Amino acid sequence: MKGATLFPSNMAIAATNDKYNAYLQGKVTAKEAKALGIHMILAPIVDVNNNPDNPIINLRAYSDTPNVVSDFAVEFIRGIQDHGLYACAKHFPGHGNTSVDSHTSLPTITSSISELEKIELKPFKTAVDSNVKMIMMGHIAMPALDVSGQPASHSYKITTELLVNKWGFDGLIITDGMEMGGATSEAWSGESAIRAIEAGSDIILLPLDVDRTIEAIYSAVLSGRIKEERINFSVNKILNSKKELHLFDYKFNFEKMSKIVGSKEHLIIADKVASSS
């Protein structure tokens, strides 16, 4: 957003060795986003960048060490959610250990369950335990979690059995962009969205053909493939989230926005964090 406060990358934030800087980034981001009428932040990235050839996560990750990622991500989440917005941990179950970009094709991470629990899954579990309000499902295959080899965004085992049932996550589940190659290589946009709903996602992000995708979901309900109750379940979660965020009585204040977004106070904070990095 032109004119908003720009922070350095996540890896630079972690290079300060001060978790409070992640909290400050969350706080400033939340205040400016809220002033702009934005109430959910599709961050932080909690992927562990443990593959130096990663073409897409790299500097967007806090670290190649799961504990560092966990510590800084939790502070950013607190900074966002303490100020009345939703944070979103992404890209579940972890996009760090791949040399493939899921924007173009489907990456497969072949680590064992014990390796995944020590590295990839650890920051996400910490985020869930810290009450993060949203999780974004990645277009990543992890055969150790689901032998079918389908992307996590299409996987009932990863989305519902692991994230919801085993970990007890009851927040909003959103897919990564459905226009990405990791999803489109598996099925056309309508079928891909249906599979994501069957897996357990509440929000389908950026399908290639919105109208045809909605028609496909509607047809799947009419045919009985998706139960109407399943749609209602996600709709109720979304409406309850909007109530919690006070969106039904939200009033946009243009004057207030111009005083908050890119304010001198916020720019000084960002400058100090950048210098410290």
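Each chain carries its own residue numbering, running from 1 in the direction its sequence is written. In view of the model being predicted, local features appear only for residues whose pLDDT reaches at least 70, and side-chain atom pairs are presented and counted only at 80 or more, with totals across whole chains, interfaces and linings using the full set of residues. Side-chain metrics rest on all non-hydrogen atoms present in the structure, leaving aside hydrogens and water.

Caption draft 1: Layout of the sheet that holds strand 3 (residues 134–137). An order of 1-2-3-4 is seen for the four strands of this open sheet, with the pairing classed as parallel. Two strands in the sheet have a free side with no partner beyond their single neighbour: strand 1 (40–41) and strand 4 (172–175). Residue contacts are defined here by distance: any two heavy atoms, one from each residue, within 4.5 Å place the two residues in contact. Every axis corresponds to a line fitted to the C-alpha atoms, with the helix fit spanning only the stretch in contact, and the corresponding angles, defined between N-to-C directions, vary from 0 to 180 degrees. Strands are runs of DSSP state E lasting at least 2 residues, helices are runs of H or I lasting at least 4, and numbering of each runs from the N terminus. Against the sheet, helix 5 (residues 121–129) contacts strand 2 (86–92) and strand 3, and its axis sits at roughly 160 degrees relative to strand 2. For two strands to pair, DSSP has to find at least two bridges joining them.

Caption draft 2: Layout of unusual backbone geometry. Between Lys 90 and His 91 the backbone carries a cis peptide bond, its omega angle lying at 0 degrees. One can find His 91 in strand 2. In this model, Phe 92 is joined to Pro 93 through a cis peptide bond whose omega is 10 degrees. Within the secondary structure layout, Pro 93 lies in the loop between strand 2 and helix 4 (113–118). Positive phi is not limited to glycine here, since Asn 58 has a value of about 25 degrees. Tracing the chain through its elements places Asn 58 in the loop between strand 1 and helix 3 (66–81).

Caption draft 3: The arrangement of the environment of His 39 in detail. Position of His 39 relative to the elements: it lies in the loop between helix 2 (19–35) and strand 1. The buried category is assigned to His 39, whose relative accessible area is 8%. Remark: the alpha-carbon pair of His 39 and Gly 84, spanning 45 residues in sequence, is separated by 8.0 Å. In this structure, His 39 is in contact with Lys 34, Leu 85, Tyr 86, Leu 245, Leu 247 and Tyr 250, ignoring residues within four places of it in sequence. Polar contacts, as used here, are pairs of N or O atoms within 3.5 Å; protein pairs need one atom able to donate a hydrogen and one able to accept it. Residues neighboring in sequence count only if both atoms are side-chain atoms. For His 39, the side chain forms a polar contact with the main-chain oxygen of Gly 37, separated by 3.3 Å. Classification of residues uses two cut-offs on accessible area relative to the type maximum, computed with a 1.4 Å probe and protein chains only: under 20% is buried, over 50% is exposed, and between them is partly exposed.

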